[in-house]
Amino acid sequence: MLERAHIMICGGTGCTSGNSKKVMEEFEVQLKKNGLRDEVKLIMTGCFGLCARGPIVAVYPDGAFYQHVKVEDVAEIVTEHILKGRRVTRLLGSERTESGEVMPINQTPFYRSQKRIVLRNCGRINPENIDEYIAFDGYKAYEKCVKEMTPEGVIQLLTDSGLRGRGGGGFPTGKKWLSTYNAKDDQKYVVCNADEGDPGAFMDRSVLEGDPHSVIEAMMIAGYAVGATQGYVYVRAEYPIAVQRLQIAIDQARAYGILGKNAMGLGHKFDMEIRLGAGAFVCGEATALIHSIEGHRGEPTQKPPHLAEHGLWGKPTVLNNVETYANIPQIILNGPQWFKSMGTEKSSGTKVFALGGKIMNTGLVEIPMGTTLRTIIEEIGGGIPNGKKFKAAQTGGPSGGCIPASLIDTPIDYDNLIAIGSMMGSGGLIVMDEDNCMVDIAKFFLEFTVDESCGKCTPCRIGNKRLYEMLDKITKGQGTMEDLDKMEELCKYIKANSLCGLGQTAPNPVLSTLKYFRDEYIAHVRDKKCPAGVCKALLNYVIDKDKCIGCGLCARKCPAGAITKSDYIAEGHKLPSMQIDVTKCLKCGACMDTCNRQCAISKK
Amino acid sequence: MSYQFIDTPEQKKKLDKVFVELKGVPGSLMKAMQKAQDIYGYLPIEIMQRIATACNVPVEEVYGIATFYAQFNIEPMGKYKVGICLGTACYVKGSGVILDKIKERLHIEPGHTTEDMKFTLEATRCIGCCGLAPVMTINGEVHGNLKPEDLDTIFAKYGA
């Protein structure tokens, strides 16, 4: 039977963590209670993108976009909206049109500059139902390739579209496929890199969770184009929902005869399986990933030979990232000119960014290449919370760099980001405000790379460790001006001599912060101060004697006995104020946490 | 810390079944280790030896893989696994401070388990709930938008 309304509940990781599964169960209960269960279709869908306001529930056909939906709100949505047709305005977000109406969701600042190609089905279909994918042109692109195009034609079309690898490097996808096509062998492989290790990036996960079939279809197309019959998806084990949905999708595709010996009855054989990662960042590197699929330690090896000639089990292999694959069916269906019409000259199409950190609208955004950082942060992101000032944006994760406020009008594409000392990376975009210390951030990334370095080559294993130690020294106020020059020299050495991408890019966070925030490094070294108030060793806790009421709570909490009564009684107070002996203070912050009048103790 | 490895007949049967399933699958060593860890919770030397025999590789290779990847544990885990996300989004929103507070509370460093085998503390990589940053997970349950003062209530639920 035909339902009169569809209720779409976000089942992405963000909203699931915010209890969206319980919300779904409650809808089930409330709809039954009101006798509406047969009239309404309940769908758990993929990520809508606006994670900061999750859990999200969208009701169609009228397009109401409910935010921060709690289990308690469900009864009201059902009785008011579904039963009586009155939308629950208080859950519809704060955006209003000029006439005071609730703004349609696609006109809100968060969505209006976005262009959803990769994420087109996220939040629109039920990812666990292959029929819904097929209903939105699913597997049509594969059919078109096999029926109407030669493998060379498919590769040429991709080359013409200008699609570049979305995993970070930005290598032209068509070129990559062509070299695998040219390699002669009886067995070739198609591999998907879903080992999204960049801390703060989650677009690949959202695609797998929200639209897994688009990746399967694109891998089938790759198989047809390069002449491979077997595919592997290498997924992080930390993404249980993505793994589960992808497995469901593969099983359904097999059951429909889409995957298998005679895929879709078109005479081409293709099958695939999932391989789970086990928590090693370096496995995002192509050769390391291949070794991990083979069941070994994920250590990179020297290139060349490239994967196109000598990949998985020594066979020619084509490896692309999830987001790259998710673009391909649309490019095949709409043509290279359509794709090229978006973005910049050398970076066509869109890019998905995971917007995080000090920003109002945390979440997933897909924008045409060439959109400025200002649009992303001020319009889509809704600006910085608590009236703080924008300081820097970090792209490219541990391999990227920090973009300072002065470059906020830079159009974002592959080449511009490299030119300003960062890189696209997989698409994490972390916003930082005045309370973030750039030396501390550089140290944070270095700690990550030191931890994740596989240890195979010396420049990365020892060089990054030394770099980390110098940064640590600086954050403790023991650095010298000479250290800054030494660090720059060491960075250049590590970049030039490391074996794989991890080492070659690891110094980028240090280099870019040294370039744009050198004054902050100098403040740490010369003035022994952390301007952002982050580096503990450089802070002193101070009690404002005119505000302190002398209750003594802090003195009792102080583990070092550094707080005593002073002999000063402020006007209007009965007891003498407390004071901190800086020579005894451990800077643990316990006093500040316990103070009844939080304004009385501060870090300076 | 000392502990004894206990192998129940059901666990043994499950693992044998895994070996049968994976026989002849290319590159199955890591898969076998992942399944074994699902069964036992960790990979004691006894199990690593059995995997080595079944997959026909030296036990050193199994050990090499187990220590390379963060996901494999060669020591038993506590009843509750506490993971603090140190992904960038969480870090810039103060998850480092939260980690310090938990270290003080449990008296352990990340990667270790409390003496009573109740809590294992882990500093995890991005778990992808950046919209809720900073986040912590306890046995998979996500606690988001954390403030240091929330910890009392959360840990009270788990008896600490």
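Here is what the cut-offs are and how they apply
Residues numbered from 1 in each chain as written. Chains lettered and ligands numbered in written order. Predicted model: local features only at pLDDT ≥ 70, side-chain atom pairs only at ≥ 80, totals over all residues. Helix = DSSP H or I, 4+ residues; strand = E, 2+ residues; numbered from the N terminus. Buried ≥ 20, exposed ≤ 12 C-beta atoms within 10 Å, placed from the backbone. Contact = placed C-beta atoms within 7 Å. pLDDT = per-residue confidence, 0-100. Pairing = 2+ DSSP bridges.

Undergrad: Mind showing me how you'd approach the overall build of chain B here?
TA: A tally of helices and strands in chain B yields 7 helices and 4 strands. When the elements of chain B are put in sequence order from the N terminus, they spell out α-α-α-α-β-α-α-β-β-β-α. Projected onto its principal axes, the C-alpha coordinates of chain B cover approximately 50 × 30 × 25 Å. Among the 160 residues that make up chain B, the fraction classed as buried is 34%. Counted over contacts in chain B with a minimum sequence separation of 6, partners at least 24 positions apart contribute 58%.

Undergrad: I tried to follow the confidence of the model for chain B on my own but got confused; where do I start?
TA: Predicted coordinates in areas of low pLDDT are best not read in detail. All names here are of chain B. The share of residues in chain B with pLDDT of 70 or more is 98%, and the mean pLDDT across the chain is 91. By mean pLDDT, strand β4 (residues 141–143) is the weakest element of chain B at 88, and helix α4 (residues 59–68) is the strongest at 96. As scored by the predictor, the complex reaches a pTM of 0.91 and an ipTM of 0.88.

Undergrad: Looking at this structure, I do not really get unusual backbone geometry. What am I missing?
TA: A negative phi angle is the norm for most residues apart from glycine, just as the trans form is the norm for most peptide bonds. Following P304 of chain A, the chain continues into P305 of chain A via a peptide bond in cis, with omega recorded as 10 degrees. Counting through the fold element by element, P305 of chain A comes out in the loop between α12 (286–293) and β9 (317–321). The omega angle of the peptide bond from A133 of chain B to P134 of chain B is -5 degrees, so this bond is cis rather than trans. Of note, P134 of chain B is situated in the loop between β2 (119–124) and β3 (136–138). One non-glycine residue with positive phi stands out, namely Y139 of chain A, at about 65 degrees. With 22 C-beta atoms packed within 10 Å, Y139 of chain A lands in the buried category.

Undergrad: I'm lost on the pairing of strand β10 (residues 350–357) of chain A in this one. Help?
TA: Side-chain direction in a regular strand flips from residue to residue, so the side chains alternate between the two faces of the sheet. Residues and elements named next belong to chain A. A large share of β10 lies buried, amounting to 8 of its 8 residues. For β10 and strand β11 (residues 363–368), the ladder comprises 6 bridges, and the chain directions are antiparallel. Within the sheet, the bridge partner assigned to V352 lies in β11 and is E366. Taking the residues that link successive antiparallel strands as the turn, the β10-β11 hairpin has 5 residues. Two strands pair when backbone bridges link them, and β10 and strand β14 (residues 428–433) are joined in this way by 4 bridges, in the parallel orientation. Each bridged residue has a counterpart across the sheet, and for A354 the counterpart in β14 is G428.

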